[in-house]
Amino acid sequence: MPPVWLLAAIVAAYAIGVVEPMWLTFGGLWAQLMAGVLIGGGLILLALAIYEMRSKRTTVIPHQEADHLVTSGIFSRSRNPIYMGDMLILAGFILRFDAVLALTLLPVFVWVIERRFVIPEEDRLRRKFRAEFARYCHKTRRWI
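Residues numbered from 1 in each chain as written. Predicted model: local features only at pLDDT ≥ 70, side-chain atom pairs only at ≥ 80, totals over all residues. Heavy atoms only, no water.

Would you explain the confidence of the model for the protein in this entry?
Predicted coordinates in areas of low pLDDT are best not read in detail. Mean pLDDT over the protein works out to 92, with 99% of the residues at or above the 70 mark. Per-residue pLDDT, averaged within each element of the protein, yields its smallest value for helix 1 (residues 2-19) (92) and its largest for helix 3 (residues 81-96) (96). (pLDDT = per-residue confidence, 0-100. Helix = DSSP H or I, 4+ residues; strand = E, 2+ residues; numbered from the N terminus.)

Listed below in structure tokens is the structure:
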């Protein structure tokens, strides 16, 4: 499940922040403020996406069959707003923990999420919704 991967990445970022050299820092107050903005923005993206999926009566659980293709709301901007929210939350915690070396976790996290969840989900949607999904992909980017 993606939340497990997110939690694992957050724990890894915390561990890296504890053991990394003290001279590597994002720098004080502005980093903490930005951390709050990123975490809050990620939570807002998650909430908007879950609301939209629930309103269309389809599942938010990966690897389950979708009942409807959701293309409205936040999904009109990105095909993966939940995973984008996860990425923002991870980036926020990396700033919060002042774990500069943990920035390397961001591309690794995105790669894992894309390979384990995004690509299989899109394959299922492509098979089920065919032309409608093709139009959606042409109109809406995978990430931003």
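Structure shown, so let's carry the discussion forward.
Explain the pattern of salt bridges to me, please; I cannot follow it from the model alone.
Any two side chains of opposite charge can pair, on the condition that their charged atoms come close. Scanning all chains against the criterion turns up six salt bridges. A salt bridge links R115 to E114; the shortest N-O distance between them is 3.6 Å. Using a relative accessible area of 15% as the deciding quantity, one classes E114 as buried. When the shortest N-O distance is used, the salt bridge between D123 and R126 registers 3.1 Å. Pair noted here: D123 and R126 are both in helix 4 (residues 105-139), with a separation of three residues, about one helical turn. (Salt bridge = Lys/Arg side-chain N within 4 Å of Asp/Glu carboxyl O. Buried < 20%, exposed > 50% of the residue type's maximum accessible area, 1.4 Å probe, protein only.)

Just to check I follow, could you spell out the nonpolar core for this structure?
The nonpolar side chains of a soluble globular protein tend to be buried with one another. Ranked by internal contacts, the top residues of the largest apolar core, which has 36 residues, are L90 and I94. Listed by contribution, the elements that provide at least two residues to this core are helix 1, helix 2 (28-55), helix 3 and helix 4. Sort the elements by how many residues they give to this core and helix 4 lands first, with nine residues. In this structure, I94 is in contact with A13, F26, A99, A102, L103 and L106, ignoring residues within four places of it in sequence. (Core = buried A, V, L, I, M, F, W, Y, C linked by side-chain atoms within 4.5 Å. Contact = heavy atoms within 4.5 Å.)

In this structure, what is going on with helix 1? I would like to understand it.
Since the α-helix advances by 3.6 residues per turn, residues separated by three or four positions end up pointing in the same direction. The terminal C-alpha atoms of helix 1 lie 26 Å apart, and with 18 residues this matches the ideal 26 Å at 1.5 Å per residue to within 8%. Where helix 1 is buried, its residues touch helix 3 and helix 4. (Expected span 1.5 Å × (residues − 1).)

Any chance you could explain the environment of S55 here in plain terms?
With respect to the helices and strands, S55 occurs in helix 2. Look at S55 and you get partly exposed, because its relative accessible area is 39%. Along the sequence, S55 and V70 sit 15 residues apart, while their C-alpha atoms lie 9.5 Å from each other. Here the side chain of S55 touches E52 through a polar contact of 2.8 Å, landing on its backbone oxygen. (Polar contact = N/O pair within 3.5 Å; in protein donor to acceptor, adjacent residues only side chain to side chain.)

What is the right way to read the packing of aromatic side chains from this model?
When we look at a pair of aromatic rings, we describe it by the centre distance and by the angle of the planes. Inspection of every chain in the model, using the stated rule, returns four aromatic pairs. Each ring, one from Y83 and one from F117, has its centre 6.4 Å from the other, and the planes form 35°; the classification is tilted. Taken together, the positions of Y83 in helix 3 and F117 in helix 4 put the pair 34 residues apart, joining distant regions of the chain. Judged on exposure class, the residue Y83 and its partner F117 are both buried. (Phe/Tyr/Trp six-rings, centres within 6.5 Å; stacked < 30°, edge-to-face > 60°.)

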